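# Structural features, examined
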Amino acid sequence: EAGVTQSPTHLIKTRGQQATLRCSPISGHTSVYWYQQALGLGLQFLLWYDEGEERNRGNFPPRFSGRQFPNYSSELNVNALELEDSALYLCASSQESGSYNEQFFGPGTRLTVL
Amino acid sequence: AQSVTQPDIHITVSEGASLELRCNYSYGATPYLFWYVQSPGQGLQLLLKYFSGDTLVQGIKGFEAEFKRSQSSFNLRKPSVHWSDAAEYFCAVGAYNQGGKLIFGQGTELSVKP
């Protein structure tokens, strides 16, 4: 069974640009979660999508947004990139919704903002 | 507010020695507890989880953890460490009313001496 996949592996952008990160959940999983792992800040919850709807977002500005498609894959968009957005962005999926369920993580997308 | 504390930022143990990584949580109700491991440049892999029942849980790679409600702790243990266990370890807490969000500790980096 394939795990959570993310693309691209690495992404280099300049300040002010937009970045799009993609995630494909494990087959049969309907919930997708996004986390940011920035140096010195640990793992921070960004967004949770379930059945195509945004269910919750963390303490991030509106320029962080995303969506979930009918096939349950997801996109994270970061607009007006700032230097501090440089981080590893991790996507996770779970078979049922909610953080009391096991979340399976992908390998991440390393975003570098220059 | 819910929180997770991993008091040890970095631990070094000799190969073959026993290991205990500490995790303390702050949460009003019964939490759902997880330990994840992250190798350099990789995503997170679930080692084990506690939802309810037996307070000693077994995980993959020979790891176990014990939930102690009275101490609000969920420490991770391994009787004999292998060089391949060198990685960063994260404790996390989930809950019904947490909107999909896992709250992570700051992580403990494990180094293994030959």
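I will try to describe carefully the structure that is included in this document. No experiment lies behind these values; they were computed from the predicted model shown.

### Comments concerning the overall build of chain B
Across its full length, chain B carries zero helices and twelve strands. Sequence-ordered secondary structure for chain B, helices as α and strands as β, is β-β-β-β-β-β-β-β-β-β-β-β. Summarising its shape, the C-alpha atoms of chain B cover approximately 45 × 30 × 20 Å along the three principal directions. In chain B, buried positions account for 48% of the 114 residues. Sequence-distant contacts, at least 24 apart, represent 53% of the contacts inside chain B between residues at least 6 apart. Surface exposure of chain B reaches about 5,400 Å², of which carbon and sulfur atoms provide 48%.

### So, the packing of aromatic side chains
Per the counting criterion, the structure on display carries 16 aromatic pairs over all chains. Considering the side-chain rings of A:Phe105 and B:Phe104, the 6.1 Å spacing of their centres and the 75° angle between planes classify their relative orientation as edge-to-face. Of this pair, A:Phe105 sits in strand 10 (residues 104-105) while B:Phe104 sits in strand 11 (residues 103-104), which puts the two residues in different chains. Across this residue pair, the class does not change: A:Phe105 and B:Phe104 are buried. With a centroid separation of 5.7 Å and 50° between ring planes, the pair formed by B:Phe63 and B:Tyr89 is classed as tilted. Residue B:Phe63 is located in the loop between strand 7 (56-58) and strand 8 (64-68), and its partner B:Tyr89 is located in strand 10 (residues 87-94); the two are separated by 26 residues in the primary sequence. The exposure class assigned to B:Tyr89 is buried, which follows from its relative accessible area of 1%. By way of ring pairs, the aromatic residues A:Tyr35, A:Phe45, A:Phe105, B:Tyr32, B:Phe34, B:Tyr36, B:Phe51, B:Phe90 and B:Phe104 are connected into one cluster.

Conventions and cut-offs
- Counting restarts for each chain: residues are numbered from 1 in the order of the written sequence.
- Naming scheme: in the order in which they are written, chains are lettered from A and ligands are numbered from 1.
- Given that this is a predicted model, residues contribute local features only at a pLDDT of at least 70 and side-chain atom pairs are listed and counted only at 80 or more, while totals for whole chains, interfaces and linings are drawn from all residues.
- The side-chain numbers reported here are obtained from all heavy atoms of the structure, hydrogens and water having been left aside.
- In this text, helices come from DSSP runs of H or I with a minimum length of four residues, and strands from runs of E with a minimum of two, each type numbered from the N-terminal end.
- Residue exposure (1.4 Å probe, protein chains only): buried if accessible area is under 20% of the type maximum, exposed if over 50%, otherwise partly exposed.
- Note on definitions: a residue-residue contact is assigned when non-hydrogen atoms from the two residues lie within 4.5 Å.
- Computed with the Shrake-Rupley method and a 1.4 Å probe, the accessible areas treat only the protein chains shown as cover for residues.
- Centre distance within 6.5 Å is the pairing criterion for rings of Phe, Tyr and Trp, where only the six-membered ring of Trp is used; planes under 30 degrees apart are then read as stacked, over 60 as edge-to-face, and the remainder as tilted.

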